[in-house]
Amino acid sequence: MRTQETNILAKRLSRLGLARQLLFGALLLVLSALTVLTAFGIAPGTAASDLQLTVVREPIELPELLPLPATPLRFTTQERVMRGDTVAALFERLGVRDPKAMDFLRADSTGRMIFRQLVPGRALQAETGGDGELLTLRYCLSATSLLEVNRGAAGFTSRARAVAEAPRVFYRTATIRSSLFAATDAAGIPDAIAMQLARVFATDIDFHTELRKGDRLAVAYEMIYDSGELVAAGRILAAEFVNDGRTYHAVLFRDDQGGEAYYSLGGNNRAKAFLRSPVEFSRVSSGFGGRFHPIFKNWRAHTGVDFAAPRGTRVIASADGTVVSAGMRGGYGNAVEVRHGGSITTLYAHLSGFAKGIRAGARVRQGEPIGYVGSTGYATGPHLHYEFKISGMHQNPLRVALPKAEPVPAHLKTRFLQVASEARATIARVASASAARFE
Ligand SMILES: [Zn+2]
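Residues numbered from 1 in each chain as written. Predicted model: local features only at pLDDT ≥ 70, side-chain atom pairs only at ≥ 80, totals over all residues. Heavy atoms only, no water.

Caption draft 1: Up close: the sheet that holds strand β1 (residues 75-80). Strand order across the open sheet formed by 5 strands is β1-β2-β3-β4-β5, with antiparallel pairing between neighbours. For this open sheet the edge positions go to β1 and β5 (155-162), each flanked by a neighbour on one side alone. Geometrically, the sheet is characterised by an average inter-axis angle of 15° between neighbouring strands, direction not taken into account. Sheet topology places strand β2 (residues 123-128) next to strand β3 (residues 134-140); 5 bridges connect them, and they run antiparallel. (Pairing = 2+ DSSP bridges. Helix = DSSP H or I, 4+ residues; strand = E, 2+ residues; numbered from the N terminus. Axes fitted to C-alpha atoms, helices over the stretch in contact; angles between N-to-C directions.)

Here it is as structure tokens:
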């Protein structure tokens, strides 16, 4: 069937003159480029990457034949503030490349609030154009108030206003058949929540390689509405993930300092463990399937795990730490080494480049981008070489028994267990309601 179609296409093309062939080819390229851009553009939490730029560049050889897109490109992305975050780092993750927008925020008395109120866990949503220019920015100052920045003909405007409604809580379940995003799409779970799920469970599950057909999830999450209109995805309140027969839980708990973190039902802080994969999981990267599989070479000779991944994929810190070195390092090429607690260090090699602000002495947070997959140094193709050392001794990060996560402080344990048991009951109710419907 496909061969036949190709032949028909070829015959049609041969009947056309050279100029028309070029026009037809250019249109095909433009159409396919737009399709790709649209597909990527609607995924919150993914920045416009080098991959997309490469696709768009192709038709530029024939500029006079390019039809303009009917509507300007708009990308909506959403990120959550992490501990120690900066507005610049958030802009980078959101794919906002707009120095004028940053200048406006600094100078504007309302816009400036964002610098003073970067509270971990809060949502920041951006709409950007094709070149990363900021069109709209929405920051939840709280669950009840919103900072909004809009680009107009006369420049940027800002306003802070109350969110009229309390967040609505949604309960959903999903079963993995092919990928996390296919499952969350089918269940009507927004991308921002799917990304949060992948982050919350990333210390137990490598979402690139360890998902199994039949894995199940149940999740309770907030959505923030304003005058009946959805403003942003809120927080995951509780979730359960059954991966390869093992069940993991995450419960959002606020400590007495106002800090929020996800804990297991037993009270272990999930974020205090190491990520299973230092390659960022996103809708884009999740489409590469087997290409992310870690490659084991002769372990003793090799001392690291290689993660095959497309050039430009973001490499993230597997735990909180301090950068020991970032730069060219012989056969490692561009490499970043990070020191964590408990005499553990991690090394990320063959990078094509470093993330902004990554230099010796810089503090990094778990999941924070530190560089991009490349093939600098002794590398035959783009991949991430990842090393994990305890007291200077190389360990296999996928097999080593990792340090225990820090639990809920003792004086909050009673209150936590109450929250956790309510969360567990809610999740069980959601899961059994959906089982009754589908089985
Ligand atoms: Zn390697």
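Caption draft 2: Geometry of the packing of helix α7 (residues 180-187) against helix α8 (residues 191-200). For the pair α7 and α8, the least separation of the axes is 10 Å and the interaxial angle reads 135°. The angle between the axes of α7 and α8 places the two elements in the oblique class. Crossing angle aside, the handedness with which α7 passes α8 is right-handed. From α7, Leu180, Phe181, Thr184 and Asp185 reach across to α8, where they touch Asp191, Ala194, Met195 and Ala198. When the residues that make up the contact of α7 with α8 are grouped by side-chain class, the tally is 5 nonpolar, 1 polar and 2 charged. (Parallel < 35°, antiparallel > 145°, perpendicular 65-115°, else oblique. Left-handed = near helix turned anticlockwise from the far one by under 90°. Contact = heavy atoms within 4.5 Å. Nonpolar A, V, L, I, M, F, W, Y, C, P; charged D, E, K, R; others polar.)

Caption draft 3: Up close: the confidence of the model for the protein. Summary statistics for the protein give a mean pLDDT of 79 and a share of 77% for residues scoring 70 or more. The spread of mean pLDDT over the elements of the protein runs between helix α3 (residues 50-57), the lowest at 36, and strand β15 (residues 334-339), the highest at 97. Taken together, the stretch residues 1-69 has pLDDT below 50 and engages in 56 contacts with residues farther than four places along the chain or on a different chain. (pLDDT = per-residue confidence, 0-100.)

Caption draft 4: Inspection of the side chain of arginine 93 at higher detail. On the secondary structure map, arginine 93 appears in helix α4 (residues 87-94). For arginine 93, a relative accessible area of 5% corresponds to the buried category. For arginine 93, the side chain forms a polar contact with the side chain of glutamate 79, separated by 3.1 Å. Only 3.1 Å separates the side chain of arginine 93 from the backbone oxygen of arginine 80, close enough to count as a polar contact. (Buried < 20%, exposed > 50% of the residue type's maximum accessible area, 1.4 Å probe, protein only. Polar contact = N/O pair within 3.5 Å; in protein donor to acceptor, adjacent residues only side chain to side chain.)

Caption draft 5: Fine view of the pattern of salt bridges. Evaluated as defined, the whole model comprises 20 salt bridges. When the shortest N-O distance is used, the salt bridge between glutamate 79 and arginine 93 registers 3.1 Å. Here the residue glutamate 79 occupies a position in strand β1, and arginine 93 occupies one in helix α4, the gap between them amounting to 14 residues. The residues glutamate 79 and arginine 93 share a single accessibility class, namely buried. Its salt-bridge partner being aspartate 103, residue arginine 106 comes within 3.9 Å of it at the nearest N-O pair. With arginine 106 and aspartate 103 both in helix α5 (residues 99-107) and 3 residues apart, this pair spans about one turn of that helix. For arginine 106, a relative accessible area of 48% corresponds to the partly exposed category. Accessibility expressed as a relative area gives 44% for aspartate 103, which makes it partly exposed. When salt bridges with common partners are traced through the structure, they connect Glu127, Arg138, Glu148, Arg159 and Arg161 into a single cluster. (Salt bridge = Lys/Arg side-chain N within 4 Å of Asp/Glu carboxyl O.)

Caption draft 6: Representation of the packing of aromatic side chains. Scanning all chains against the criterion turns up 12 aromatic pairs. Taking the centre distance of 5.6 Å and the plane angle of 65° together, the rings of tyrosine 263 and phenylalanine 416 count as edge-to-face. Taken together, the positions of tyrosine 263 in strand β10 (residues 260-263) and phenylalanine 416 in helix α11 (residues 413-438) put the pair 153 residues apart, joining distant regions of the chain. Judged by relative accessible area, which is 0%, phenylalanine 416 ranks as buried. (Phe/Tyr/Trp six-rings, centres within 6.5 Å; stacked < 30°, edge-to-face > 60°.)

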